[in-house]
Amino acid sequence: MSTTLLEGCVPWPHDVAERYRRAGHWRGDPLDSIVREGARRHGERVAVVCGARRATYAELDARVDAVASAMIELGIRPLDRVVVQLPNVLELIETLFALWRLGAIPVMALSGHRRAEIAHFCEHTRAVAYVCADVVAGFDHRALAREVKAGTPTLRHVIVVGDAQELVPFASLDGAPRTLPAVDARQVALLQLSGGSTGTPKLIPRTHDDYLYSVRASVPICGLDARSVYLVALPGAHNFPLSSPGVLGALVAGARVVMSREAHPDAAFPLLSREGVTITALVPPLARAWLAAMRARGLRFPSLEVLQVGGAKLGVELARDLIEGLGCRLQQVFGMAEGLVCYTRLDDPLERVITTQGRPISEDDEVRIVDDEDRDVPEGEVGHLLARGPYTIRGYYRVPEHDAIAFTRDGFYRTGDRVRRMPDGSLVVEGRAKEQINRGGEKIAPAELEQHLVAHPDVREAAVLGMHDAIVGERICAIVVGDRPITRAALMAHLRARGVATFKLPDRVELVSDALPRTSVGKIDKAALASRLAAGGAS
Ligand code: OOB
């Protein structure tokens, strides 16, 4: 039996898919089976802790049924896209599993996204619904929802966690049991977001089969079992805390998921002690902040066994400090929403854990390291990382012209990362070829921000680049040439008015009067700009 993949998605070649099935990687289980199975095997155990609420596996499974039924009553159908933008709350987990149970497809927005991104996701995916919280960090998502709904004809429902006003309250989703449609695990399960290096954020179609494989295979590598307690401190919709092994891996293992609204020590530390957290995942700047706060407060978390750090390069010094200061094992995680995830192993020699970003999950992950002409570099040398395998996509959602650049003709994903392979197979991330700023794990595409800046009537040209920063790795710097005098405040107000995500707002704006330097082919010379910035100014 063959499945027609969601329109606009690139399938794996038939023979390759068969190979992954025969190898037992793709087992035909939809993602919601995680909770169904959990309820069958550990029904009375606590699955999720969120604030004062505790849901057992049986309760979570029943809630997922009720929410899925209510969503069907609203008219949400298999393969419908639903933009989900929720903070770390129990409803995030209920929403995702309910959508998977009815065969609909969540689009995984982040809390910092604003109108520019949410409207793009809704339009590009022709989403039928948007699920959000009422007010998060002072921002009213209901107002955003109304605006986006008015401009997106396909968007029929806005479901709100908290005070819904005239919109649909999430708490009212309590449908009577009904027969749910059978979900094909070969189908797309979710659309993840790409960090991006171009003008518009790209969406990443992950299937039930491929995503569940990456989660299931991550569980033993990260030492999760039924007695584990996993703290979600990073935004739960991101691929790292969701699936590497994240919330999904913890639920596969029959473990307990503890949700923290914020990653800040003040929010997370009380949960670490109260819930006896055994494993959590952080980006490097947060790991540094946790260590500093633990030292300052004289705290220790004896239950913590594994700290995962990933999303951006972890410096060797900080890695050593963490191992010494936290008194638990460190695991480096180098992954991408497009697929490939590498982990240092818990029994790796210390030096490997400190100096490498680990090795791929699967023996069927194919990794190539190549030069600018796609020729393999000699073993041990730095080159571009290409990846292909049982959970790495073959194309983005509905952007064939971009796929032609982002993938090789034989289906390898061009990660844009520059790496070196050690004799034991571990990868060391040495840098990046893609135009992307990695601000402490948050990814920003300069081209996207430049487009927003030049949309200002007084801006003639703009260049966005990352500036080295000891704490967050890189900060966002915008260099702007005005047609008329313009202020930083006016530019920031312009970006906010255009609804640009909060995490994409520049840390520094340099206003210059001269034209920007150009390369011989007429492109803005960012290398020259970067050295000027490093020397103290852009002009
Ligand atoms: C994770 O996923 P994305 O999609 O937000 O970002 C992927 C990119 C990678 O291509 C690489 O440039 C960078 O983030 N990155 C790292 C890294 N982990 C990710 N660079 C250096 N060292 C690392 N450890 O960031 C992500 C997805 C799943 C698991 C973990 C991280």
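Residues numbered from 1 in each chain as written. Predicted model: local features only at pLDDT ≥ 70, side-chain atom pairs only at ≥ 80, totals over all residues.

1. A word on the site of the ligand
Surveying the vicinity of the ligand reveals 23 residues, the closest of which are F240, F334, G335, M336 and A337. Those elements giving two or more residues to the shell around the ligand turn out to be α8 (239–243), β16 (329–336), β21 (413–421) and β22 (427–432). Broken down by class, the residue content of the shell around the ligand amounts to eight nonpolar, eleven polar and four charged. Shared between two domains, the shell around the ligand holds at least three residues of each, these being domain 1 (18–421) and domain 2 (437–536). (Near = placed C-beta within 6 Å. Helix = DSSP H or I, 4+ residues; strand = E, 2+ residues; numbered from the N terminus. Nonpolar A, V, L, I, M, F, W, Y, C, P; charged D, E, K, R; others polar. Domains from an automatic or database assignment.)

2. Brief notes about the nonpolar core
Core analysis: the biggest nonpolar cluster contains 141 residues, and V82, Y130 and L282 have the highest contact counts within it. Sequence-distant contacts of V82, that is, excluding residues within four places in its chain, are made with I76, L99, A104, I105, P106, V107, A127, V128, A129 and V131. (Core = buried A, V, L, I, M, F, W, Y, C linked by C-beta atoms within 7 Å. Buried ≥ 20, exposed ≤ 12 C-beta atoms within 10 Å, placed from the backbone. Contact = placed C-beta atoms within 7 Å.)

3. A word on the sheet that holds β21
As a general point, the strands of a sheet are linked pairwise by backbone hydrogen bonds and lie either parallel or antiparallel. Sheet architecture is open: four strands sit in the order β19-β20-β21-β22, paired in antiparallel fashion. Each end of this open sheet is capped by a strand with a single partner; those strands are β19 (366–370) and β22. Ignoring strand direction, the axes of neighbouring strands in this sheet form an average angle of 45°. Here β19 pairs with strand β20 (residues 383–388) via five bridges, running antiparallel. Residue pairing in the sheet places I369 in a bridge with L385 of β20. (Pairing = 2+ DSSP bridges. Axes fitted to C-alpha atoms, helices over the stretch in contact; angles between N-to-C directions.)

4. A few points about unusual backbone geometry
A cis geometry characterises the amide bond from S244 onward to P245, with omega recorded as -15°. Phi at L79 takes a positive value of approximately 75°, unusual for a residue other than glycine. Relative to the assigned elements, L79 resides in the loop between α3 (57–74) and β3 (81–85). We note that A137 has phi near 50°; this positive angle belongs to a residue other than glycine. Within the secondary structure layout, A137 lies in the loop between β6 (135–136) and β7 (139–140). A137 sits in the exposed class, given 10 other C-beta atoms within 10 Å.

5. Points about the pairing of strand β10 (residues 188–193)
β10 sits mainly inside the fold: six of its six residues count as buried. Two elements, β10 and strand β11 (residues 203–207), share five bridges in a ladder whose sense is antiparallel. The residue bridging V188 from the neighbouring strand is T207, located in β11.

6. Thoughts on the environment of P302
With respect to the secondary-structure elements, P302 resides in the loop between α11 (284–297) and β15 (306–310). Considered as a pair, P302 and L326 are 24 residues apart in the sequence and their alpha carbons are 9.0 Å apart.

7. Considering the domain arrangement of the protein chain
By domain assignment, the protein chain separates into domain 1 (18–421) and domain 2 (437–536). The gap between the C-alpha centroids of domain 1 and domain 2 is 29 Å. Contacts between domain 1 and domain 2 engage 19 residues on the former and 17 residues on the latter. A class-by-class count of the residues in the side of domain 1 that touches domain 2 yields five nonpolar, nine polar and five charged.

8. Some details on the UniProt feature "domain: AMP-dependent synthetase/ligase" (unreviewed entry) in the protein chain
As annotated in UniProt, the feature "domain: AMP-dependent synthetase/ligase" (unreviewed entry) corresponds to residues 36–397 in the numbering used here. Between the C-alpha atoms that bound residues 36–397 the distance is 29 Å, and the span itself is 35% helix and 24% strand. (UniProt positions renumbered as here; feature names shortened; annotations may be inferred.)

9. Here we look at the pairing of β11
Side chains on a regular strand alternate between the two faces of the sheet. Within β11, five of the five residues are buried, leaving the element largely enclosed by the surrounding structure. Burial along β11 is two-sided: the face carrying L203, P205 and T207 and the face carrying I204 and R206 are both buried.

10. Structural notes on the confidence of the model for the protein chain
Averaged over all residues, the pLDDT of the protein chain is 96; the fraction at 70 or higher stands at 99%. Here helix α17 (residues 526–534) stands out as the element of the protein chain with the lowest mean pLDDT, 91, in contrast to strand β17 (residues 339–343), whose mean of 99 is the highest. Our summary of model confidence lists the complex with pTM equal to 0.97 and ipTM equal to 1.00. (pLDDT = per-residue confidence, 0-100.)

11. Some words on helix α7 (residues 208–221)
Its 14 residues place the ends of α7 20 Å apart at the C-alpha level, agreeing with the 20 Å of an ideal helix rising 1.5 Å per residue. Summarising burial for α7: eleven of the 14 residues are buried, a large majority. What α7 keeps buried is the set H208, D209, D210, Y211, L212, Y213, S214, V215, A217, S218 and I221. At its buried positions, α7 is contacted by β10, β11, α8, α9 (246–252) and β17. At the exit of α7 stands G223, carrying a positive phi of roughly 70°. (Expected span 1.5 Å × (residues − 1).)

12. What to know about the sheet that holds β17
Spatial strand order, β2-β1-β13-β12-β14-β15-β16-β17-β18: nine strands in an open sheet with mixed pairing. Bordering the open sheet on either side are β2 (53–56) and β18 (359–360), each of which pairs with just one other strand. In this structure, strand β1 (residues 46–50) lies alongside strand β13 (residues 256–259), joined through three bridges in parallel fashion. Opposite V48, over in β13, you have V257 as the bridge partner.

13. Topic: the packing of α3 against helix α4 (residues 90–102)
One can describe the packing of α3 onto α4 by two numbers: an axis separation of 8 Å at closest approach and a directional angle of 65°. α4 is crossed by α3, and the crossing has right-handed handedness. For the pair α3 and α4, the contacting residues are R63, V64, V67, A68, M71 and I72 in the first and E94, T95, F97, A98, R101 and L102 in the second. Residues that form the contact of α3 with α4 fall into these classes: eight nonpolar, one polar and three charged. (Left-handed = near helix turned anticlockwise from the far one by under 90°.)

14. What about the packing of helix α2 (residues 33–42) against α3?
Helix-helix packing is described using two parameters, namely the angle between the two axes and the distance between the axes. Running from N to C, α2 and α3 cross one another at 145°; their axes reach a closest spacing of 8 Å. The hand of the α2/α3 crossing is left-handed. On α3, the residues touching V35, R36, G38, A39 and H42 of α2 are Y57, A58, L60, D61 and V64. When its residues are assigned to classes, the contact of α2 with α3 shows six nonpolar, two polar and two charged.

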